Amino acid sequence: MQNIFSGFQAMPTHEAVEELLRSPHVRIERIVSNGQASPEGFWYDQDESEWVAVLEGRAAIGFENGEAVELSAGDAITIPAHTRHRVLWTHSEQRTVWLAVFYQS
């Protein structure tokens, strides 16, 4: 048995990424952030689509087209493959726990 909220530092100095499951068609990661953001000018441009949910905390994702989406606990978003995006911010005083599912669409 595994608990999604345990097994990592409560306040890491850098983002913690743990692969929970991998198959030929899907990959699931738990990501724990504490005030981290993507470096200035950096964009994710992934070959896979991504469904990501914030399980705890808050964060914002920015897109190359200028759109920004704020996420709180329970919010989820689907990001199609090759949609350039970045993490604008994560809550600096509370950990943010993400569940990210990467898949071929």
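All figures in this text were calculated on a predicted structure; none of them were measured in a lab.

Q: What am I meant to see in the sheet that holds strand 8 (residues 96-103) here?
A: The pairing of strands in a sheet happens through backbone hydrogen bonds and is either parallel or antiparallel. Ordered in space as 1-2-8-3-6, the 5 strands form an open sheet in which the pairing is antiparallel. Of all the strands in the sheet, the pair left with one neighbour each is strand 1 (16-22) and strand 6 (76-79). In this sheet, adjacent strand axes meet at a mean angle of 20 degrees when their direction is disregarded. With 8 bridges joining them, strand 2 (residues 26-33) and strand 8 adopt antiparallel strand pairing. Each residue of the ladder has a partner; that of Arg-30, found in strand 8, is Leu-99.

Q: Could you clarify how one ought to interpret the pairing of strand 8 in this entry?
A: The buried fraction of strand 8 is high, at 7 of 8 residues. Judged from the 7 bridges that link them, strand 3 (residues 49-56) and strand 8 form a sheet pairing that is antiparallel. Counterpart to Glu-50 in the pairing with strand 8 is Phe-102.

Q: In this structure, what is going on with the layout of surface pockets? I would like to understand it.
A: To find the voids left in a structure, one rolls a probe of water-molecule size over its atoms. Of the volumes computed, that of the largest pocket is approximately 230 Å³. Residue lining of the largest pocket: 14 residues in total, with Glu-15, Ile-31, Tyr-44, Glu-50 and Val-87 positioned closest to the centre. For the lining of the largest pocket, the residue count by class is 9 nonpolar, 2 polar and 3 charged.

Q: Is there a simple way to think about the UniProt feature "domain: Cupin type-2" (unreviewed entry) in the protein in this case?
A: When the UniProt feature table is mapped onto this chain numbering, "domain: Cupin type-2" (unreviewed entry) sits at residues 45-102. The span residues 45-102 shows a helical share of 0% and a strand share of 62%, and its end C-alpha atoms are spaced 13 Å apart.

Q: Looking at this model, I keep getting lost on the nonpolar core. Mind explaining?
A: Taken as a class, soluble globular proteins show a tendency for nonpolar side chains to be buried jointly. With 14 residues, the main nonpolar core has Val-52, Ile-61, Phe-63, Leu-71, Ile-77, Ile-79 and Trp-98 as its most contacted residues. Elements represented by at least two residues in this core include exactly strand 3, strand 4 (58-63), strand 5 (68-72), strand 6 and strand 8. Setting aside its immediate chain neighbours within four residues, Val-52 contacts Ile-61, Asp-75, Ala-76, Ile-77, Ile-79, Trp-98, Leu-99 and Ala-100.

Q: It is not clear to me how the pattern of salt bridges should be interpreted in this structure. Could you clarify?
A: Side-chain pairs of opposite charge can arise where the charged atoms are in close proximity. Following the criterion strictly, the structure yields 6 salt bridges and no others. Arg-22 is paired through a salt bridge with Glu-19; the nearest N and O atoms lie 2.9 Å apart. On the basis of relative accessibility, which here comes to 54%, the residue Arg-22 falls in the exposed class. The partner of Glu-64 in a salt bridge is Arg-84, with the nearest N and O atoms 2.9 Å apart. Of this pair, Glu-64 sits in the loop between strand 4 and strand 5 while Arg-84 sits in the loop between strand 6 and strand 7 (85-90), placing them 20 residues apart in sequence. The class for Arg-84 is partly exposed, based on a relative accessible area of 29%. Bridged by salt links that share partners, the residues Arg-27, Glu-29 and Glu-48 form one connected network.

What counts and what doesn't
- Residues numbered from 1 in each chain as written.
- Predicted model: local features only at pLDDT ≥ 70, side-chain atom pairs only at ≥ 80, totals over all residues.
- Heavy atoms only, no water.
- Pairing = 2+ DSSP bridges.
- Helix = DSSP H or I, 4+ residues; strand = E, 2+ residues; numbered from the N terminus.
- Axes fitted to C-alpha atoms, helices over the stretch in contact; angles between N-to-C directions.
- Buried < 20%, exposed > 50% of the residue type's maximum accessible area, 1.4 Å probe, protein only.
- 1 Å grid on protein atoms, 1.4 Å probe; cavity = no way out; pocket = protein on both sides within 12 Å on 5 of 7 lines; lining within 4 Å.
- Points joined across faces, edges and corners; volume = space filled by probe spheres on them.
- Nonpolar A, V, L, I, M, F, W, Y, C, P; charged D, E, K, R; others polar.
- UniProt positions renumbered as here; feature names shortened; annotations may be inferred.
- Core = buried A, V, L, I, M, F, W, Y, C linked by side-chain atoms within 4.5 Å.
- Contact = heavy atoms within 4.5 Å.
- Salt bridge = Lys/Arg side-chain N within 4 Å of Asp/Glu carboxyl O.

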